[in-house]
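Spelled out from the first residue to the last, the chains are:
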Amino acid sequence: QVQLVESGGGLVQPGGSLRLSCVASGSIFSIYAMGWYRQAPGKQRELVATAISNVGTNYADSVKGRFTISRDNAKNTVYLQMNSLKPEDTAVYYCNADLDDYELGYRNDYWGQGTQVTVSS
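Quick notes on the rules
Residues numbered from 1 in each chain as written. Predicted model: local features only at pLDDT ≥ 70, side-chain atom pairs only at ≥ 80, totals over all residues. Heavy atoms only, no water. Buried < 20%, exposed > 50% of the residue type's maximum accessible area, 1.4 Å probe, protein only. Helix = DSSP H or I, 4+ residues; strand = E, 2+ residues; numbered from the N terminus. Pairing = 2+ DSSP bridges. Phe/Tyr/Trp six-rings, centres within 6.5 Å; stacked < 30°, edge-to-face > 60°. Lys NZ or Arg CZ within 6 Å of the ring centre and 35° of its normal. Disulfide = S-S within 2.5 Å. Contact = heavy atoms within 4.5 Å. Core = buried A, V, L, I, M, F, W, Y, C linked by side-chain atoms within 4.5 Å. Axes fitted to C-alpha atoms, helices over the stretch in contact; angles between N-to-C directions.

Caption draft 1: Structural context of the pairing of strand S1 (residues 2-7). Judged by which residues are buried, S1 turns out to be one-sided: Val-2, Leu-4 and Glu-6 face inward and are buried, whereas Gln-3, Val-5 and Ser-7, on the alternate face, are not. When S1 meets strand S3 (residues 18-26), the two strands line up antiparallel, connected through 6 bridges. In the strand pairing of S3, Leu-4 is matched with Ala-24.

Here it is as structure tokens:
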């Protein structure tokens, strides 16, 4: 069994910064990618950023230049540094991990429970 636990969400004023963290634990053999998605009220879940092992990073156009994704492979942790936040960044942010689960015996996709980010004055 694999668990993803996010932290770091909250309320911030426009132009401010937040840093999200997500720790993966459990029956992890290897991780192919970790990333962040978000879902605003009434909208579909969308990709924010991904960090793919041995490949690199990928960002949504709406966050390029403002958000930075990074990973600590030794800790199975992914971070999202969010700067210059805008009201339109308000959403529930979900962590995602694409990994080999040694209990299942195959590659699988996991999600965290989500953390609320609200950008408002």
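Next comes the rest of the write-up.
Caption draft 2: Region of interest: the packing of aromatic side chains. This model, assessed by the stated rule, comprises 1 aromatic pair. Centroid distance Tyr-37 to Trp-111: 5.0 Å. Interplanar angle 65 degrees. Geometry classified as edge-to-face. Note that Tyr-37 is positioned in strand S4 (residues 28-39) and Trp-111 in strand S10 (residues 106-111), a separation of 74 residues in sequence. One Lys or Arg, Arg-45, reaches over the ring of Tyr-94 and ends 3.7 Å from the middle of that ring. The cationic tip of Arg-107 hangs over the ring face of Tyr-32; the distance from NZ or CZ to the ring centre is 3.8 Å.

Caption draft 3: Here's a closer look at the state of the cysteines. For the structure on display, the rule yields 1 disulfide. In this model Cys-22 forms its disulfide with Cys-95; the gap between the sulfur atoms is 2.1 Å. When the S-S torsion is -80 degrees, as for the bridge of Cys-22 with Cys-95, the disulfide is left-handed. Placement of Cys-22 in strand S3 and of Cys-95 in strand S9 (residues 91-101) is noted, with a sequence separation of 73 residues between them. Of the two residues, Cys-22 and Cys-95, both sit in the buried class.

Caption draft 4: How the structure looks around unusual backbone geometry. The backbone of Asn-76 shows a phi angle near 50 degrees, a positive value even though the residue is not glycine. The residue Asn-76 is located in the loop between strand S7 (67-72) and strand S8 (77-82) in this model. The partly exposed category is assigned to Asn-76, whose relative accessible area is 25%.

Caption draft 5: Spotlight on the environment of Leu-4. Within the secondary structure, Leu-4 sits in strand S1. For the pair Leu-4 and Pro-14, spaced 10 residues apart in sequence, the C-alpha to C-alpha distance is 28 Å. Setting aside its immediate chain neighbours within four residues, Leu-4 contacts Cys-22, Val-23, Ala-24, Cys-95, Asn-96, Ala-97, Tyr-110, Trp-111, Gly-112 and Gln-113.

Caption draft 6: Fine view of the nonpolar core. Counting residues in each nonpolar core, the largest one holds 32 residues, and the members touching the most others are Trp-36, Leu-80, Met-82 and Tyr-93. Broken down by secondary-structure element, the contributors of at least two residues to this core are S1, S3, S4, strand S5 (46-52), S7, S8, S9 and strand S11 (115-119). Beyond its immediate sequence surroundings of up to four residues, Tyr-93 is in contact with Glu-6, Leu-20, Trp-36, Tyr-37, Arg-38, Val-48, Phe-67, Leu-80, Met-82, Gly-114, Thr-115 and Val-117.

Caption draft 7: Seen up close, the sheet that holds S8. As summarised here, the arrangement of the 4 strands in space is S1-S3-S8-S7, forming an open sheet in which the pairing is antiparallel. The sheet is open, and its two edges are formed by S1 and S7, each paired on a single side. Averaged over all pairs of adjacent strands, the angle between their axes in this sheet comes to 15 degrees, without regard to strand direction. Sheet topology places S3 next to S8; 6 bridges connect them, and they run antiparallel.

Any functional reading would require information beyond the geometric quantities listed.
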